[in-house]
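The residues making up each chain are set out below.
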Protein chains: 2
Amino acid sequence: MTPNKEDYLKELYKLGGLDHLVSNKQMSQVLEVAPASVSEMLNKLSQEGLLVIEPYKGSQLTPDGLRIAISLLRGHRLWEVFLIRHLGYTWSEAHEDAELLEHISPSRLTDRLDRFLNYPEYCPHGSVIPKSDGQTNEDTLMLLADLKTGDTSKIKKVLEEKKFLDYLQNQGIEIGTQFTVTSVGDYEGPFTLALEEKTIQISYKAACQIFVSEPK
Amino acid sequence: MTPNKEDYLKELYKLGGLDHLVSNKQMSQVLEVAPASVSEMLNKLSQEGLLVIEPYKGSQLTPDGLRIAISLLRGHRLWEVFLIRHLGYTWSEAHEDAELLEHISPSRLTDRLDRFLNYPEYCPHGSVIPKSDGQTNEDTLMLLADLKTGDTSKIKKVLEEKKFLDYLQNQGIEIGTQFTVTSVGDYEGPFTLALEEKTIQISYKAACQIFVSEPK
DNA sequence: CTCCTAATTTAGGTCAACCTAACTTTTATT
DNA sequence: AATAAAAGTTAGGTTGACCTAAATTAGGAG
Ligand SMILES: [Mn+2]
Ligand SMILES: [Mn+2]
Ligand SMILES: [Mn+2]
Ligand SMILES: [Mn+2]
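These figures come from a predicted structure and were not determined experimentally.

What counts and what doesn't
Residues numbered from 1 in each chain as written. Chains lettered and ligands numbered in written order. Predicted model: local features only at pLDDT ≥ 70, side-chain atom pairs only at ≥ 80, totals over all residues. Heavy atoms only, no water. Helix = DSSP H or I, 4+ residues; strand = E, 2+ residues; numbered from the N terminus. Buried < 20%, exposed > 50% of the residue type's maximum accessible area, 1.4 Å probe, protein only. Contact = heavy atoms within 4.5 Å. Areas by Shrake-Rupley, 256 points an atom, 1.4 Å probe, with all protein chains shown as cover. Lys, Arg positive; Asp, Glu negative; His and termini not counted. Charge placed at Lys NZ, Arg CZ, Asp CG, Glu CD. Axes fitted to C-alpha atoms, helices over the stretch in contact; angles between N-to-C directions. Parallel < 35°, antiparallel > 145°, perpendicular 65-115°, else oblique. Nonpolar A, V, L, I, M, F, W, Y, C, P; charged D, E, K, R; others polar. Expected span 1.5 Å × (residues − 1). Near = heavy atom within 4 Å. Polar contact = N/O pair within 3.5 Å; in protein donor to acceptor, adjacent residues only side chain to side chain. Donors = N, O, S within 2.8 Å, 3.2 Å for Na, K, Ca; no water. Buried area = accessible area lost by both parts, 1.4 Å probe. Salt bridge = Lys/Arg side-chain N within 4 Å of Asp/Glu carboxyl O. Pairing = 2+ DSSP bridges.

**Student:** What is the right way to read the overall build of chain A from this model?
**Tutor:** Regarding its fold elements, chain A presents eight helices and eight strands. With respect to the three principal axes, the spread of C-alpha positions in chain A is 55 × 45 × 25 Å. Looking at chain A residue by residue over its 216 residues, the buried ones come to 46%. Intrachain contacts of chain A at a sequence separation of at least 6 include 63% that bridge at least 24 residues. Carbon together with sulfur atoms contributes 49% to the accessible area of chain A, which is approximately 11000 Å² in total. Within chain A, the 32 negative side-chain charges are centred at a point lying 3 Å from the centre of the 23 positive side-chain charges.

**Student:** Before we go on, may I ask you to explain the packing of helix α1 (residues 3-16) of chain B against helix α3 (residues 35-47) of chain B in this structure?
**Tutor:** If you want to describe how two helices pack, look at the angle between their axes and the distance between the axes. Residues and elements named next belong to chain B. Following both chains from N to C, one finds α1 and α3 inclined at 95 degrees, their axes separated by 11 Å at the closest point. Taken as axis vectors, α1 and α3 run roughly perpendicular relative to one another. The residues of α3 that touch α1, namely those facing Asn4, Lys5, Tyr8 and Leu9, are Ser37, Val38, Met41, Leu42 and Leu45. The class makeup of the residues in the contact of α1 with α3 is six nonpolar, two polar and one charged.

**Student:** It is not clear to me how helix α4 (residues 63-87) of chain A should be interpreted in this structure. Could you clarify?
**Tutor:** What sets the pattern is the α-helix's 3.6 residues per turn: residues three or four places apart point alike. Between its first and last C-alpha, α4(A) extends 35 Å over 25 residues, near the 36 Å set by a 1.5 Å rise per residue. Remark: Gly88(A) follows α4(A) within two positions and exhibits a positive phi of approximately 70 degrees.

**Student:** Which parts of the structure should I look at to understand the protein's contact with DNA strand C?
**Tutor:** Near DNA strand C, the surroundings consist of 21 residues, among which Thr2(A), Ser37(A), Asn24(B), Lys25(B) and Ser39(B) are the closest. Sugar and phosphate atoms represent 74% of those atoms of DNA strand C found within 4 Å of the protein. Between a base nitrogen of DNA strand C and a side-chain N or O atom of Glu40(A), the distance comes to 2.9 Å. Every element with two or more residues in the surface near DNA strand C is listed here: α1 (3-16) and α3 (35-47) of chain A together with α2 (24-31) and α3 of chain B. If one sorts the elements of the surface near DNA strand C by residue count, α3(A) sits on top with five residues.

**Student:** Could you clarify how one ought to interpret the coordination of the manganese ion (ligand 1) in this entry?
**Tutor:** A metal bound by six donors in octahedral fashion has ideal angles of 90 or 180 degrees, whereas one bound by four tetrahedral donors has an ideal angle of 109.5 degrees. Residues and elements named next belong to chain A. For the manganese ion (ligand 1), the protein coordination sphere consists of Asp7 (OD), Glu99 (O), Glu99 (OE), Glu102 (OE) and His103 (NE2), at 2.0 to 2.6 Å. Each donor residue of the manganese ion (ligand 1) belongs to the same chain, with the gaps between them written as D-x91-E-x2-E-H. Residue glutamate 99 is classed as partly exposed on the basis of its relative accessible area of 22%.

**Student:** Could you clarify how one ought to interpret the coordination of the manganese ion (ligand 3) in this entry?
**Tutor:** Residues and elements named next belong to chain B. For the manganese ion (ligand 3), every protein donor is listed as Asp7 (OD), Glu99 (O), Glu99 (OE), Glu102 (OE) and His103 (NE2), and the spread of their distances is 2.0 to 2.5 Å. Considered as a linear motif, the donors of the manganese ion (ligand 3) on their single chain read D-x91-E-x2-E-H. For glutamate 102, a relative accessible area of 2% gives the class buried.

**Student:** Would you mind showing me how to read the interface of chain A and chain B here?
**Tutor:** You'll often see interface size given as the accessible area lost when the parts meet. Chain A puts 20 residues into the contact, and the matching count from chain B is 20 residues. Buried area between chain A and chain B, both sides added, is near 1800 Å², and the carbon and sulfur share of it is 64%. We note a salt bridge from Arg108(B) to Glu96(A), for which the minimum N-O separation is 2.8 Å. Taken together, chain A and chain B are joined by six residue pairs in polar contact (both at pLDDT 80 or more). Looking at the side of chain A that touches chain B, the elements that each hand over two or more residues are α4, α5 (91-101) and α6 (107-116) of chain A. The residue makeup of the side of chain A that touches chain B, split by class, is 12 nonpolar, two polar and six charged.

**Student:** Explain the pairing of strand β6 (residues 191-194) of chain B to me, please; I cannot follow it from the model alone.
**Tutor:** Residues and elements named next belong to chain B. Relative to β6, strand β5 (residues 178-184) runs antiparallel, the two being bridged by four bridges. Paired with threonine 180 across the bridge in β6 is alanine 194. Taking the residues between adjacent antiparallel strands as the criterion, β5 and β6 are bridged by six residues, where tyrosine 187 takes a positive phi near 55 degrees. Where β6 folds back onto strand β7 (residues 199-202) in an antiparallel hairpin, the turn is made up of four residues.

**Student:** How should the pattern of salt bridges be read in this particular structure?
**Tutor:** When their charged atoms lie close together, side chains carrying opposite charge are able to pair. On inspection of all chains with the given rule, the structure shows 27 salt bridges over all chains. Taken together, the shared-partner salt bridges in this structure form one network comprising Glu93(A), Glu96(A), Asp97(A), Lys162(A), Asp166(A), Arg108(B) and Arg112(B).

**Student:** Help me out: how do you make sense of the protein's contact with DNA strand D in this one?
**Tutor:** Contacts to DNA strand D come from 22 residues, most closely from Asn24(A), Lys25(A), Ser39(A), Thr2(B) and Ser37(B). When the atoms of DNA strand D within 4 Å of the protein are grouped by moiety, sugar and phosphate amount to 75% of the total. Thr2(B) is positioned with one of its side-chain polar atoms (N or O) 2.5 Å from a phosphate oxygen of DNA strand D. Here a base nitrogen of DNA strand D and a side-chain polar atom of Glu40(B) are 2.8 Å apart. Put simply, the parts of the chain that give the surface near DNA strand D at least two residues each are α2 (24-31) and α3 of chain A together with α1 and α3 of chain B. Class assignment of the residues belonging to the surface near DNA strand D gives a composition of 10 nonpolar, six polar and six charged.

Okay, here's the thing in structure tokens:
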């Protein structure tokens, strides 16, 4: 197993889990490699029994592949907690460096880091950190974009993409922040949110990348 | 710069610094690759201006190569401090995992780790940790093997090699431990050391891999 | 000074991970 | 159903890092 292969498995999991097939196109985009390279690598991984390919349709992890993907995600998220909690990283910096650190995980390292951090449940961006045995129970959340004017809710999770993370942190959005939707622009228009201290506007696109709890 | 190349530079520094040429044989041994691979890689690195080769004689870092080597060593040793101080690693485990972590060092990570650890001066095995600007002032130490019966001194530094580190830790030797040499076996025989609590014997070979302060 | 041995270099491969270009299959549109 | 566009695969090539085997050089022993 190399860092490269690990990233293929991890992205395959993030894109499709065990629910549905993931297209090579998507993989090629998130991994930033040519489609041909994806075909090639997925073939190797399927020979190693880590995923199953439906030619021309897409691919999906096997239980073995899933195990590896989850342990990667576990490492990634624990490192993020460390970088932010102890080293003063920003959201996007943490995500970047965790992308490398996740591959250094003889599981002794991950498990000890987990203990050092006192077994955190979520990464700084709100994703669940799988347990050492691979167990991971996802919360059921809804998209901010699906809220209506007047709804009050809490930010629970955000997608991890450098520019988006910087944008959110500049806006002062944090996991756990409570807010009320004060207006929703028509035709994929912007959302206006009343936070505790201030009011902010975010684009419809951003609202599609933010997960929130059920509104009250 | 790849992790591989980094390790070549680092080992070249550890073996020869800026004082003398290092033979390919030595490099081939510490890096555990074939001599031919060393020739090849050193050629590439010399084309990148990171070292200078005297054909058939050996090679030596340039200032550029030195800078990289030192920052690697810095990362390596800081990670060791973290792993031992906060994650409960043993001497040899720490050295092993630091070997990987050292390559993840966008210097923002190293520098923040340094601050988090409160700017430690030495790694757990007693080597000096270079500063962020590359400055590094080595202490002048002597070999335990050169001590005479009756000498009293302190353990200051040990060479980092897995089996050796485990051996030392089992013997209860730590950096800073004070001891008195109570006997020296003839003909490369063992050294007997009186520590605070107990008396131990170590082989001549081990005594050549342990550095101590001037005896009083 | 010659010869031998050990160290080094060179030559010719392998393997992982990528690429581009050409071809095939699927799917969406008329 | 025919065709065009999009997605996927195959073929052929590159680069980095390694290897073994063969040739070359340096340095020491006689
Ligand atoms: Mn990664
Ligand atoms: Mn995260
Ligand atoms: Mn290393
Ligand atoms: Mn050390």
